[in-house]
Amino acid sequence: MSIRHGLLALLEHGPRYGSQLRTEFESRTGATWPLNVGQVYTTLNRLERDGMVAQSGEDEAGHALYIITEAGHAELKTWFETPVDRSSPPRDELAIKLAMAVGATGVDIRAVIQSQRHHTVKAMQDYTRLKAQALAAIESGGSQERDDVAWLLVLEQLIFQTEAEARWLDHCEVRLIRLANAAGRAAAGPPTAPAVPAAPARPTSTSTSTSTA
């Protein structure tokens with residue numbers, strides 16, 4: 001996740017100080033990716049070094065204010081217009097765990113899948129409940145609609161992600177069952193052909209003389 005670009009997007013709305021940026025970032029994303037103040041100021045220092053933000057005095061409480069520069073506007077525009085790169089997907093702990101569980105001694109991989117499925121379904125239910133609350137807040141008009149809509153988009157992405165994860169876990173379980181069955185058939189060897197009963201002996205033809213009276 002690009003924290004630097006998130007901060008630049010918030011600074012487009014006007015001068016902000018570090019704690020204010022952290023609060024607005026977490027409000028916009030529903031605190032899904034919490035930040036600490038030190039992380040915010042470290043990012044601001046790097047943005048200032050790169051010429052994308054600049055300090056612009058202080059507010060009445062003595063907080064150092066930051067503003068976005070022309071270079072920062074250009075960087076933010078490029079970020080919005082450029083698709084997120086998927087050529088190097090982020091490491092997924094669950095995928096790594098299942099990959100390592102295959103063939104691991106003393107690990108019941110199906111139990112691992114079942115445990116994760118339970119957790120995934122619960123997370124999906126929690127996200128769905130939060131989505132209903134966000135929709136109610138938007139419809140009531142009693143809160144900051146922009147932040148609620150932003151949070152709703154994040155929630156829906158999390159819902160779609162957990163739904164996909166649940167389907168993938170189902171697929172993994174079916175795949176493992178098929179592989180286990182195939183391994184069992186291979187260990188048993190080729191099927192034995194059914195015994196063919198011997199053909200009955202053909203009757204011998206004999207010439208019978210019949211005398212007529």
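Quick note: structure is the one above.
Residues numbered from 1 in each chain as written. Predicted model: local features only at pLDDT ≥ 70, side-chain atom pairs only at ≥ 80, totals over all residues. Heavy atoms only, no water.

Trainee: How should I be thinking about the pattern of salt bridges in this particular structure?
Mentor: Should the charged atoms of two oppositely charged side chains come close, the side chains can pair. Evaluation of the coordinates by the stated rule reveals eleven salt bridges. For Asp 50, the salt bridge goes to Arg 4, with nearest N and O atoms at 3.7 Å. Of this pair, Asp 50 sits in the loop between α3 (37-49) and β1 (53-58) while Arg 4 sits in helix α1 (residues 3-11), and the two are 46 residues apart along the sequence. On the basis of relative accessibility, which here comes to 24%, the residue Arg 4 falls in the partly exposed class. We note a salt bridge from Arg 16 to Glu 24, for which the minimum N-O separation is 2.9 Å. (Salt bridge = Lys/Arg side-chain N within 4 Å of Asp/Glu carboxyl O. Helix = DSSP H or I, 4+ residues; strand = E, 2+ residues; numbered from the N terminus. Buried < 20%, exposed > 50% of the residue type's maximum accessible area, 1.4 Å probe, protein only.)

Trainee: Which parts of the structure should I look at to understand the packing of helix α5 (residues 93-101) against helix α6 (residues 109-140)?
Mentor: The relative placement of two packed helices is expressed as an angle between their axes plus a distance between the axes. With their axes 10 Å apart at the nearest point, α5 and α6 run at an angle of 160° to one another. By the angle between their axes, α5 is roughly antiparallel relative to α6. At the point where α5 passes α6, the crossing takes the right-handed sense. From α5, Leu 94, Lys 97, Leu 98 and Ala 101 reach across to α6, where they touch Ile 109, Val 112, Ile 113 and Gln 116. Per-class residue counts for the contact of α5 with α6 are six nonpolar, one polar and one charged. (Axes fitted to C-alpha atoms, helices over the stretch in contact; angles between N-to-C directions. Parallel < 35°, antiparallel > 145°, perpendicular 65-115°, else oblique. Left-handed = near helix turned anticlockwise from the far one by under 90°. Contact = heavy atoms within 4.5 Å. Nonpolar A, V, L, I, M, F, W, Y, C, P; charged D, E, K, R; others polar.)

Trainee: Explain the environment of Tyr 17 here, please?
Mentor: Looking at the secondary structure, you find Tyr 17 in the loop between α1 and α2 (18-29). If we ignore the near neighbours within four places in the chain, the residues touching Tyr 17 are Tyr 41, Asp 59, His 63, Ala 64 and Leu 65.

Trainee: Teacher, can you tell me more about the packing of α1 against α2 here?
Mentor: For the pair α1 and α2, interaxial distance at closest approach is 10 Å and the crossing angle is 100°. The pairing of α1 with α2 is recorded here as roughly perpendicular in orientation. Side by side, α1 and α2 meet where Gly 6, Leu 7, Leu 10 and Leu 11 of the first sit next to Leu 21, Glu 24, Phe 25 and Arg 28 of the second. Class assignment for the residues of the contact of α1 with α2 results in five nonpolar, one polar and two charged.

Trainee: Could you clarify how one ought to interpret the packing of aromatic side chains in this entry?
Mentor: For any pair of aromatic rings, the description consists of the separation of the ring centres together with the inter-plane angle of the planes. One pass over the structure, following the stated rule, counts one aromatic pair. Considering the side-chain rings of Trp 79 and Phe 80, the 5.2 Å spacing of their centres and the 40° angle between planes classify their relative orientation as tilted. Judged by relative accessible area, which is 34%, Trp 79 ranks as partly exposed. (Phe/Tyr/Trp six-rings, centres within 6.5 Å; stacked < 30°, edge-to-face > 60°.)

Trainee: Before we go on, may I ask you to explain α6 in this structure?
Mentor: In an α-helix, one turn spans 3.6 residues; hence positions three or four apart end up facing the same way. If you check α6, its first and last C-alpha atoms are 47 Å apart, about what 32 residues at 1.5 Å a residue would give, namely 46 Å. The complete set of buried residues in α6 reads Ile 109, Ile 113, Gln 116, Arg 117, Thr 120, Ala 123, Met 124 and Ala 134. One side-chain oxygen at the N-terminal end of α6 lies 3.2 Å from the backbone nitrogen of Arg 110; it belongs to Asp 108. Following α6 by one or two positions, Gly 141 adopts a phi angle in the positive range, close to 70°. (Expected span 1.5 Å × (residues − 1). Polar contact = N/O pair within 3.5 Å; in protein donor to acceptor, adjacent residues only side chain to side chain.)

Trainee: I tried to follow the pairing of strand β2 (residues 64-68) on my own but got confused; where do I start?
Mentor: Regular strands have side chains that alternate between both faces of the sheet. Direction of pairing for β1 relative to β2: antiparallel, over a ladder of four bridges. By the bridge assignment, Glu 58 is partnered in β2 with Ala 64. Between β1 and β2, which pair antiparallel in sequence order, lie five residues; one of them, Gly 62, sits at a positive phi of approximately 90°. (Pairing = 2+ DSSP bridges.)

Trainee: Even after reading the chapter, I still don't get α2, so can you show me in this structure?
Mentor: Look at α2: 17 Å from first C-alpha to last across twelve residues, which is about the 16 Å you get at 1.5 Å a residue. Backbone geometry just after α2 places Gly 30 at a positive phi near 65°.

Trainee: Got a minute to help me understand the side chain of Thr 69 in this structure?
Mentor: One can find Thr 69 in the loop between β2 and α4 (70-81). Engagement of the side chain of Thr 69 in a polar contact is seen with the backbone oxygen of Gly 51, the distance being 2.6 Å. Not counting residues within four places of it along the chain, the set of residues in contact with Thr 69 comprises Gly 51, Met 52, Val 53 and Ala 54.

Trainee: Is there a simple way to think about the nonpolar core in this case?
Mentor: Side chains of nonpolar character tend, in soluble globular proteins, to be buried together. If you look at the biggest cluster of nonpolar residues, it comprises 17 residues, and the most contacted ones within it are Leu 7, Leu 8, Leu 11, Leu 21, Val 40, Leu 44 and Val 53. Counting residues per element, this core draws most heavily on α1, at six residues. (Core = buried A, V, L, I, M, F, W, Y, C linked by side-chain atoms within 4.5 Å.)

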